[in-house]
Amino acid sequence: MTAQPLSRRSLIQASLAASGGLCLGFRLPGNAAARQATPAPESGTGSEPVAFTPNAWLTIGPDDAVEIALHKAEMGQGVMTSLPMLVAEELGADWQRITVRNAYGDPAYGSFGFQFTFGSTSVASSFMPLRIAGATARDMLIAAAAQRWGVDPATLATRDGAVIDRAGSRSASFGELAGLAATMAPPANPPLKSPAEFTLLGTPVPRLDAPAKVTGAAIYGIDVMMEGMLTAVMLRPPSFTGAVRSFDPAPALAIPGVRHVLEIPSSGPDVTGGIAIVADGFWAAFSGRRALAASVEWDLGPNAAQDTSSLIETFTALAMQPGPLAFADGMAEKAIARSTKTLDATYVTPFLAHVTMEPMSAAAWVRPGAVDVWTGTQGQSFVVMQASAIGGVAPDQVTLHQQFLGCGLGRRAESDVTGDALQISKNLGVPVKVIWPREEDIAHDFFRPMSVQRVQAGIDSTGAPFAWIHHTVADSAGITRFPTFIATGPEGDEIDPFQSAGLTESFLYAMPHRRIESTIARSGVPVGFWRGVGETQNIFVAESVMDELAALAEADPIAYRLANLADPTRAAAVLELAREKSGWDAPAEGIGRGVAIADYGGTIVAAVAEVARTDDGSVRPVRLVIAADCGFVVNPDIARQQLEGGALYGLSAAMGERVEIAAGGVAPATANLDGYRLLRFDEAPIVETWLVPSDAAPSGLGEPAVVVVPPALANAIYALTGERRRELPLG
Amino acid sequence: MVSLTVNGEVHDLDIPDDMPLLWALRDLLGLTGTKYGCGIGQCHACAVHLDGVAVPSCLMPAASAAGRQIVTIEGLGAGGLHPVQQAWLDEGVPQCGYCQSGQIMAAAALLAADPAPDDAAIDAAMRPNLCRCATYGRIRSAIHLAAKERVS
Ligand code: FES
Ligand code: FES
């Protein structure tokens, strides 16, 4: 195998040419989405033109086209490219002949029995199965050629979409062999390539979805249109525990284009009911919503008095008392008293909204015996189960038409908007697309939980961390909606493992006495999974506290971390890389630097943030250096995209994001993008990303950088100003 | 009746006076490349060119765009890729892609007015456009690249 130089431009041009100008190098999600892989023919002589479908992952057509099934949601993280690369590598395919279709339903696509896209796990969980799928097909194609040519299969190989003999004297394309290959027995253990043999994996193959995303051709859930479809917007109560008391539909129905106004019940835990305004298009529906808002009376429910400051007060009071035990090592309470120096610090992280760039949207058509759903979802199986339940049909009568996701961020793991679309369509019997106005999208998000975290910690006479008692108080996303996530702590308490994520087994530092307590607050504010999940709060606190301990010990923050790693095998190299690339040891005038490191799902990631004082006296981030060890990197350019985007996503949260709770709901001031402050272009510092070369099994990259940037930033502010910031956001 | 000239074609639309251009483009003309993100002028996912200037289409009544040249992402490259779109591919900008129509329209309008913008000019032109995937660094590189390719 000879490695081909792959420049991004030549590949893009080749793929544009191969697909006829601006046509896409993949099937647009649509009717093909739910099509199952065609079964392999029972018999075949090898001469008739039939497709070869050795497994759920690929089909090779007689025309040499290789169609690869994508079982994960393309939400920006690049799986539409990186996962097919795994199949194509082992197959020896011609990358220009690859098409990708969104696929649903085969048991092979599931994780824990469900098909969903979560936790930066797509590449890691697909790395072996997809390579094996490609290798299986390769061996069957080789067996077919060996039979046709009457030679030993060991003398053959695949390359660029053909089986060749190693002597180079003959070749047959995959398409020519497809029919015969379908009759070959699948190999039990097809050999996989060693990394040294890879020609595609490890190279910056351009994303297959990029051409459609620069021409406006890419279709997201919000873009779906079909004959006879109506558009709905929702009006939900202003409070999380609210409900409709009464409303007068007449003012909304008076708006030209508004067809129906209907009340919709809750479609699941932590989802309120509401009123759907259904119209010919968005604008009429949105105008109807405005008219309706004036006429509706709400019952605000039991939590109508709730606001941010009362919640912080309640959470803080809980944090000051001992809490349910999540993890214990040593005798932390006694050890605090025996420490040489101690600290007692309370940190606060706010509720955060996802603000997927595409507001929540989905279309559905419920009719007798069949339900179709068009949306971009991370929770593929959950949407199908929901459609089956609401539509009253069997799951195999549901067709999920997966679309591109205008960000996932954990928000699209929820199925509230699909619940709306299904219920409205069921009522009306026509296809209905629901679009949540942005105000609705933020006001009825499942937020990153607010947390109050108290840490008492101490160092010994050498300065090393000696004791650490850490109590997190936050709401649990699992307790209402995924009760199976809830675990039992060492003392029998109900524990949400996400709430102590990053502080227990994956905690990077050695110390003799550590106690993690975790109180589920049950405030009633709907919370969910937000890119980076529990670690986004906990690593902010833990890595800020490590900085506080380094200061107590009068040690350099990187040296202090290096000296106290529990297992320096990979973490030390990542810290050293961040130190070297950031120029940590060469102080710069007027610049403060801060560091943070974490183990996120097996990926070790570190950030060095640099801040400077601006002319108006405020402090602004000027540079982020990210170093990561995520094992083998399937596509280094997509990997960098994830680190760059993740770092700035974390920075956005750290600088300006905060949902304000008032009167039991989201304060209108933070319910749209004027008041919910996302990082803007001119506020984004330079981001430099560095990957530790590795042939180890891959781990994820979508979330790790998110979790280390906020503490690195707070630590940099401390380095510059001497001020320890313990409450987010910092901007 | 409102007469709109979109990507060189004239369309006569029977729409209410207050309907924003965004929804006329998306729901009536099926031009879904222009995106909705906030409806209040804060994200510019909805940016289109109005007589060559990038504007958010979610606030402007379609009626007020009558008689002016409206160009959307679908009409940007005349039969092929506009240099900005090509630069976007060369720099590997898009992630989820949702904001990118607006980003590209903003960048194309900037380069039409200022063929060699410096970083400050890019900051000023791109500040209105939000990207939740935070592709900002690559957008900056792509704008510089498109400017350079145009000169050479
Ligand atoms: S949708 Fe127009 S600015 Fe956000
Ligand atoms: S690429 Fe996803 S919002 Fe910009």
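Keep in mind the model is a prediction, meaning the values are calculated, not measured. (Residues numbered from 1 in each chain as written. Chains lettered and ligands numbered in written order. Predicted model: local features only at pLDDT ≥ 70, side-chain atom pairs only at ≥ 80, totals over all residues. Heavy atoms only, no water.)

**Considering empty space enclosed by the protein**
Gaps between atoms show up when a probe of the same size as a water molecule is rolled over them.
All names here are of chain A.
Working step 1: Throughout the structure, instances matching the rule amount to eight cavities of 30 Å³ or more.
Working step 2: There is about 150 Å³ of room inside the largest cavity.
Working step 3: Forming the boundary of the largest cavity are 19 residues, of which Pro 449, Phe 498, Gln 499, Gly 534 and Gln 537 lie nearest the centre.
Working step 4: Secondary structure elements with two or more residues in the lining of the largest cavity: β19 (451-459), β20 (465-474) and α14 (535-552).
Working step 5: Residues belonging to the lining of the largest cavity are distributed by class as follows: seven nonpolar, nine polar and three charged. (1 Å grid on protein atoms, 1.4 Å probe; cavity = no way out; pocket = protein on both sides within 12 Å on 5 of 7 lines; lining within 4 Å. Points joined across faces, edges and corners; volume = space filled by probe spheres on them. Helix = DSSP H or I, 4+ residues; strand = E, 2+ residues; numbered from the N terminus. Nonpolar A, V, L, I, M, F, W, Y, C, P; charged D, E, K, R; others polar.)

**A look at the packing of aromatic side chains**
Working step 1: The tally for this structure, following the rule as stated, stands at 26 aromatic pairs over all chains.
Working step 2: Pairing Phe 282 of chain A with Trp 23 of chain B gives two aromatic rings, centres 3.9 Å apart and planes at 20°, and the pair type is stacked. Residue Phe 282 of chain A is found in helix α7 (residues 282-293), and its partner Trp 23 of chain B is found in helix α1 (residues 21-28); the two belong to separate chains. Accessibility classification places Phe 282 of chain A together with Trp 23 of chain B in one group, the buried group.
Working step 3: Between Tyr 347 of chain A and Phe 540 of chain A, the aromatic rings sit 5.7 Å apart at their centres with planes inclined by 80°, giving edge-to-face as the arrangement. Taken together, the residues Tyr 347 of chain A in strand β14 (residues 341-349) and Phe 540 of chain A in helix α14 connect sequence positions 193 residues apart. (Phe/Tyr/Trp six-rings, centres within 6.5 Å; stacked < 30°, edge-to-face > 60°. Buried < 20%, exposed > 50% of the residue type's maximum accessible area, 1.4 Å probe, protein only.)

**Describing helix α10 (residues 380-391) of chain A**
Residue and element names in this part refer to chain A.
Working step 1: Between the first and last C-alpha of α10 there are 16 Å, a value that for 12 residues agrees with the 16 Å anticipated at 1.5 Å per step.
Working step 2: The buried fraction of α10 is high, at 10 of 12 residues.
Working step 3: Directly beyond the C-terminal end of α10, a positive phi value near 65° is found at Gly 392. (Expected span 1.5 Å × (residues − 1).)

**Concerning the pairing of strand β18 (residues 432-435) of chain A**
Residues and elements named next belong to chain A.
Working step 1: In β18, alternate side chains face the same way, and those of Val 432 and Val 434 on one face and Lys 433 and Ile 435 on the other are all buried.
Working step 2: Pairing between strand β8 (residues 230-235) and β18: three bridges, direction parallel. Directly across from Thr 231, in β18, lies its bridge partner Lys 433.
Working step 3: For strand β15 (residues 361-367) and β18, the ladder comprises four bridges, and the chain directions are antiparallel. Looking at the pairing, Ala 362 lines up with Val 434 of β18. (Pairing = 2+ DSSP bridges.)

**Let's talk about the sheet that holds strand β17 (residues 398-402) of chain A**
Residues and elements named next belong to chain A.
Working step 1: On the basis of which strands lie adjacent, the open sheet formed by seven strands has the order β10-β11-β8-β18-β15-β16-β17 and mixed pairing. Two strands close off the open sheet at either side, each with one partner strand: β10 (258-264) and β17. Taken pair by pair, the neighbouring strands of this sheet meet at an average axis angle of 20°, ignoring direction.
Working step 2: Of the pairings in the sheet, the one linking β10 to strand β11 (residues 274-279) comprises six bridges and is antiparallel in character. Looking at the pairing, Leu 262 lines up with Ala 276 of β11.
Working step 3: In the packing of α10 onto the sheet, contacts are made with β15, β16 (370-375) and β17, and the angle to β17 comes to roughly 140°. (Axes fitted to C-alpha atoms, helices over the stretch in contact; angles between N-to-C directions. Contact = heavy atoms within 4.5 Å.)

**Points about the domain arrangement of chain B**
Residue and element names in this part refer to chain B.
Working step 1: Segmentation of chain B into domains returns domain 1 (2-75) and domain 2 (83-151).
Working step 2: With centres defined by C-alpha atoms, the gap from domain 1 to domain 2 works out at 21 Å.
Working step 3: At the interface, 16 residues of domain 1 touch 12 residues of domain 2.
Working step 4: Sorting the residues of domain 1 by area buried against domain 2 places His 44, His 49 and Ile 73 first, and these three jointly supply 41% of that buried surface.
Working step 5: The interface formed by domain 1 and domain 2 holds zero salt bridges in total.
Working step 6: Seen at the junction of domain 1 and domain 2, the total is five residue pairs in polar contact (both at pLDDT 80 or more).
Working step 7: For the side of domain 1 that touches domain 2, the secondary structure elements donating two or more residues are β3 (47-50) and β4 (53-56). (Domains from an automatic or database assignment. Buried area = accessible area lost by both parts, 1.4 Å probe. Salt bridge = Lys/Arg side-chain N within 4 Å of Asp/Glu carboxyl O. Polar contact = N/O pair within 3.5 Å; in protein donor to acceptor, adjacent residues only side chain to side chain.)

**A closer look at the nonpolar core**
Working step 1: Within the largest apolar cluster, 246 residues are counted, with the highest numbers of intra-cluster contacts made by Trp 468 of chain A together with Leu 4 and Trp 88 of chain B.
Working step 2: For this core, the element with the most residues is helix α3 (residues 122-149) of chain A, which contributes 11 residues.
Working step 3: Ignoring any residue separated from it by four or fewer positions in sequence, one finds Leu 4 of chain B in contact with Glu 9, Val 10, His 11, Leu 13, Leu 21, Ala 24, Ala 62, Ala 65, Ala 66 and Ile 70 of chain B.
Working step 4: Judged by nonpolar contacts, the second largest core, of 28 residues, contains Leu 262, Ala 276, Met 360 and Val 384 of chain A. (Core = buried A, V, L, I, M, F, W, Y, C linked by side-chain atoms within 4.5 Å.)

**Focus on the interface of chain A and chain B**
Working step 1: Between chain A and chain B, the contact holds 62 residues from the first and 54 residues from the second.
Working step 2: Roughly 4,700 Å² is buried in total at the junction of chain A and chain B, and carbon and sulfur atoms are behind 58% of that figure.
Working step 3: On the surface where chain A and chain B come into contact, there are seven salt bridges.
Working step 4: In this structure, Asp 223 of chain A and Arg 26 of chain B form a salt bridge, with 2.9 Å as the shortest nitrogen-oxygen distance.
Working step 5: On the surface where chain A and chain B come into contact, there are 30 residue pairs in polar contact (both at pLDDT 80 or more).
Working step 6: Taken together, the elements giving at least two residues each to the side of chain A that touches chain B come down to α1 (8-18), α5 (210-215), α7, α12 (438-443) and α17 (636-655) of chain A.
Working step 7: Broken down by element, the residue count for the side of chain A that touches chain B peaks at nine residues, all from α17 of chain A.
Working step 8: Residue composition of the side of chain A that touches chain B, by class: 32 nonpolar, 12 polar and 18 charged.

**Some details on the domain arrangement of chain A**
When the parts come together, some accessible area is lost, and that loss is often what is quoted as the size of the interface.
Residues and elements named next belong to chain A.
Working step 1: According to the domain assignment, chain A contains domain 1 (8-215), domain 2 (221-301 + 360-435) and domain 3 (308-352 + 448-721).
Working step 2: Every contact between the two is made by 21 residues of domain 1 and, on the other side, 18 residues of domain 2.
Working step 3: Of the roughly 1,500 Å² buried where domain 1 meets domain 2, counting both sides, 64% is carbon and sulfur surface.
Working step 4: Taken together, domain 1 and domain 2 are joined by zero salt bridges.
Working step 5: For the side of domain 1 that touches domain 2, the residue count by class is 11 nonpolar, six polar and four charged.

**Looking at unusual backbone geometry**
All names here are of chain A.
Working step 1: In this chain, Leu 728 is followed by Pro 729 through a cis amide linkage whose omega measures 0°.
Working step 2: With phi around 55°, Arg 522 is a residue other than glycine that occupies positive phi space.
Working step 3: Mapped onto the elements, Arg 522 comes out in the loop between β23 (513-520) and α14.
Working step 4: Arg 522 gets classed as exposed once you look at its relative accessible area, which sits at 53%.
Working step 5: Positive phi, close to 50°, is recorded for Ala 663, a residue that is not glycine.
Working step 6: Here Ala 663 shows up in the loop between β27 (661-662) and β28 (665-666).
Working step 7: Relative accessible area serves as the criterion here: at 45%, Ala 663 is assigned to the partly exposed category.

**Digging into the sheet that holds strand β5 (residues 156-159) of chain A**
All names here are of chain A.
Working step 1: Within the open sheet, the three strands sit side by side as β5-β6-β7. Their pairing is antiparallel. If you trace the sheet from one side to the other, it starts and ends with β5 and β7 (171-173), each paired once. Averaged over all adjacent pairs, the angle separating strand axes in this sheet is 25°, with direction ignored.
Working step 2: Across the sheet, α3 is in contact with β5, β6 (162-165) and β7; its angle to β5 comes to roughly 125°.

**A short note on the pattern of salt bridges**
Working step 1: All chains considered together, the criterion is met by 47 salt bridges over all chains.
Working step 2: Note that Glu 89 of chain A is salt-bridged to Lys 193 of chain A, the shortest N-O span being 2.7 Å. Taken as a pair, Glu 89 of chain A in helix α2 (residues 79-91) and Lys 193 of chain A in the loop between α4 (174-181) and α5 lie far apart in primary sequence, 104 residues in all. Here Glu 89 of chain A and Lys 193 of chain A have matching classes, each one buried.
Working step 3: Between Arg 140 of chain B and Asp 123 of chain B there is a salt bridge, with the nearest N and O atoms lying 2.7 Å from each other. Taken together, the residues Arg 140 of chain B in helix α5 (residues 136-151) and Asp 123 of chain B in helix α4 (residues 119-126) connect sequence positions 17 residues apart.
Working step 4: Its relative accessible area of 21% is what places Asp 123 of chain B among the partly exposed residues.

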